[in-house]
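Remarks on the overall topology
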Amino acid sequence: MTISSVTVKVFTHTSNTVRDSDGHGHPGPESQTTSALLTITCEDGSEGRVICRPAEVRPELIERFIRPNLIGRDPMMTEALWYRIYEWQRLSGGQLSDRTLTAVDLALWDLKGRICCQPVWKLLGGARPKILAYGSTMCGDDLENGLATPEDYARFADWMVNTRGYKAVKLHGWMPPMPGAPDPKKDYAACAAVREAVGPDVPLMLDPHHFYSRTDTLWLARKLAELDFRWMEEPMEEASISSYKWLRESCDLNILGPETMTGKHWIRAEYVKADAIDLVRCGVWDVGGITPSMKTANMAESFHMACEMHGTGAGNLAVALAIHNTSFYERGLLHPFIDYDKPKEYQNRIDDEMDGEGYVHGRAEPGLGQDLNLDYIDAHQV
């Protein structure tokens, strides 16, 4: 069996998330946006699919880098196929991003699961059938009754824990261009308010401004340690490993990273070697797919370190269910004005339904466990 085609359908759907000038998402009026369906098909008709951004699967990328490296190849050899495409990054002039590599890798794993009639999380090892989710908030905003004040965060965290059933919460603080942001003291005030609202036993985490100075970061880290926060992630530019080593040696708070630094599993190994982090951060869309995510998790386990998965979605859920050394699945981004549990128009159900006890379960269906409304996608192609 070999791969016979790689196709992309760009389609329209509605969204009520808008991006500010720095790229952070916030609730907004419902408007039209576009997504893409990448499909990899074998000669017997087996298909693997993933939803991604149109920019990640532009026609020139598919034609130059993806089809030549997939057509006629064995879809079961995901390791070989990942490396074939990855090695083109060096001479792609920056065109071939890790996110394109991720989209292809996810579609290949979905295809592999469907061929084997097994869910991907089991093919990867199947460490557990379910995992606790933490509620991950959107960034702070200036919306009335949104996430504009520490009291707003506290009220929303109380709902997440005591009504919705999350067993842990992660805050994203205020980011530019919000007025007054970034401000470590305001970030701390929100964290303190949430700790007061949910009590001493609920695990809490913070993802603050990504470019704080050493002094601001150290002040915030020490204050979060007093609140018994579980970790802080990406508070400084991640290219400076020495800054993270200095931070880890200067405070009692667990430091998680790197989050968005390029370099896949290799840079995460360098962070571990440098003693610059306490926990390893990895997400399929950050490192180039499921294939390098599993390498990262196995590397971290070799040093008795947790590998905490970054981001929501079927790919990250599959990895989180497949490995022992992770604590939670990140579910979000959440906001008082967003109904996260409502399927998008191109979904028959969301990828990560959560039960009343705060668990997200692995699906029994073959592949990544997505349930896509293909009729809707076909009817709304651009």
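Quick look at the structure, then. Every chain is numbered independently, its residues counted from 1 as its sequence is written. Only residues with pLDDT of 70 or above have their local features reported here, since the model is predicted, and side-chain atom pairs are shown and tallied only from 80 upward, although totals for entire chains, interfaces and linings are computed over all residues. Side-chain descriptors were evaluated using all non-hydrogen atoms of the structure, hydrogens and water having been removed beforehand.

1. A closer look at the overall build of the chain
The secondary structure content of the chain amounts to 13 helices and 14 strands. Restricting the calculation to C-alpha atoms gives the radius of gyration, and the globule rule supplies 2.2 Å times the number of residues raised to the power 0.38. On C-alpha atoms alone, the chain measures out to a radius of gyration of 20 Å, which is about the 21 Å that the 2.2 N^0.38 rule sets for 382 residues. Its C-alpha atoms give the chain principal-axis dimensions of about 60 × 45 × 40 Å. Put simply, the chain has 382 residues, and 55% of those count as buried. Contacts are assigned to residue pairs that have any heavy atoms within 4.5 Å of one another. In the chain, the proportion of contacts linking residues at least 24 apart, taken out of those at least 6 apart, comes to 69%. Positive and negative charge centroids in the chain, built from 39 and 55 side chains respectively, lie 4 Å apart. Here a strand is any run of E in DSSP of at least two residues, a helix any run of H or I of at least four, and the numbering for each starts at the N terminus. Only protein chains enter the calculation, and the probe is 1.4 Å; a residue is then buried if its accessible area is under 20% of its type maximum, exposed if over 50%, and partly exposed in between. None of His or the chain ends enter the tally, which takes Lys and Arg as positive and Asp and Glu as negative. The atoms used to mark charge sites are NZ of Lys, CZ of Arg, CG of Asp and CD of Glu.

2. Let's talk about the nonpolar core
Among buried residues, those of type Ala, Val, Leu, Ile, Met, Phe, Trp, Tyr and Cys that are joined through side-chain atoms within 4.5 Å constitute a nonpolar core. Grouped together as the largest cluster of nonpolar side chains are 100 residues, with contacts concentrated most on Leu38, Ile40, Leu70, Leu124, Leu224 and Ile290. By residue number, the principal contributor to this core is helix 3 (residues 98-116), which donates eight residues. Setting aside residues no more than four positions away along its own chain, Ile40 makes contact with Ile3, Ser5, Val6, Ser46, Glu47, Gly48, Leu70, Val104, Ala107, Leu108 and Leu111. One finds Tyr134, Met205, Trp231 and Leu279 within the second-largest nonpolar core, a separate group that totals eight residues.

3. Concerning the packing of helix 2 (residues 78-86) against helix 9 (residues 264-273)
To obtain each axis, a line is fitted to C-alpha atoms, and for helices this fit is confined to the stretch in contact; angles are then taken between N-to-C directions over 0 to 180 degrees. Contact geometry of helix 2 with helix 9 gives a least axis separation of 12 Å together with a crossing angle of 90°. Between helix 2 and helix 9, the interaxial angle falls into the category roughly perpendicular. Between helix 2 and helix 9, the residues in contact are Trp82, Tyr83 and Tyr86 and Lys264, His265 and Trp266, respectively. Within the contact of helix 2 with helix 9, the residues separate by chemical class into four nonpolar, one polar and one charged. Any angle between 65 and 115 degrees counts as roughly perpendicular, while under 35 counts as roughly parallel, over 145 as roughly antiparallel, and the rest as oblique. The residue classification treats Ala, Val, Leu, Ile, Met, Phe, Trp, Tyr, Cys and Pro as nonpolar and Asp, Glu, Lys and Arg as charged. All others, Gly included, are polar.

4. Looking at the sheet that holds strand 2 (residues 25-42)
As summarised here, the arrangement of the three strands in space is 1-2-3, forming an open sheet in which the pairing is antiparallel. Both outer strands of the open sheet, strand 1 (3-19) and strand 3 (47-52), are each paired with one neighbouring strand and no more. Averaged over all pairs of adjacent strands, the angle between their axes in this sheet comes to 15°, without regard to strand direction. At least two DSSP bridges between two strands are needed for those strands to be called paired.

5. Comments concerning helix 6 (residues 184-198)
Helix length check: helix 6 (15 residues) gives 21 Å between terminal C-alpha atoms against 21 Å at 1.5 Å per residue, within 8%. Among the residues of helix 6, Pro184, Asp187, Tyr188, Ala190, Cys191, Ala193, Val194, Arg195 and Val198 are the ones counted as buried. Where helix 6 is buried, its residues contact helix 5 (150-164), strand 5 (169-172), strand 6 (204-207) and helix 7 (214-226). The N-cap of helix 6, judged by a side-chain oxygen 3.0 Å from the amide nitrogen of Lys185 a few residues on, is Asp183. Looking one or two residues past helix 6, Gly199 carries a phi angle of roughly 90°, positive in sign. Take the residue count of a helix, subtract one, and multiply by 1.5 Å to get its expected span. Pairs of N or O atoms within 3.5 Å make up the polar contacts considered here, provided that, within protein, one atom can donate a hydrogen while the other can accept it, and that residues adjacent in sequence are counted only when both atoms are side-chain atoms.

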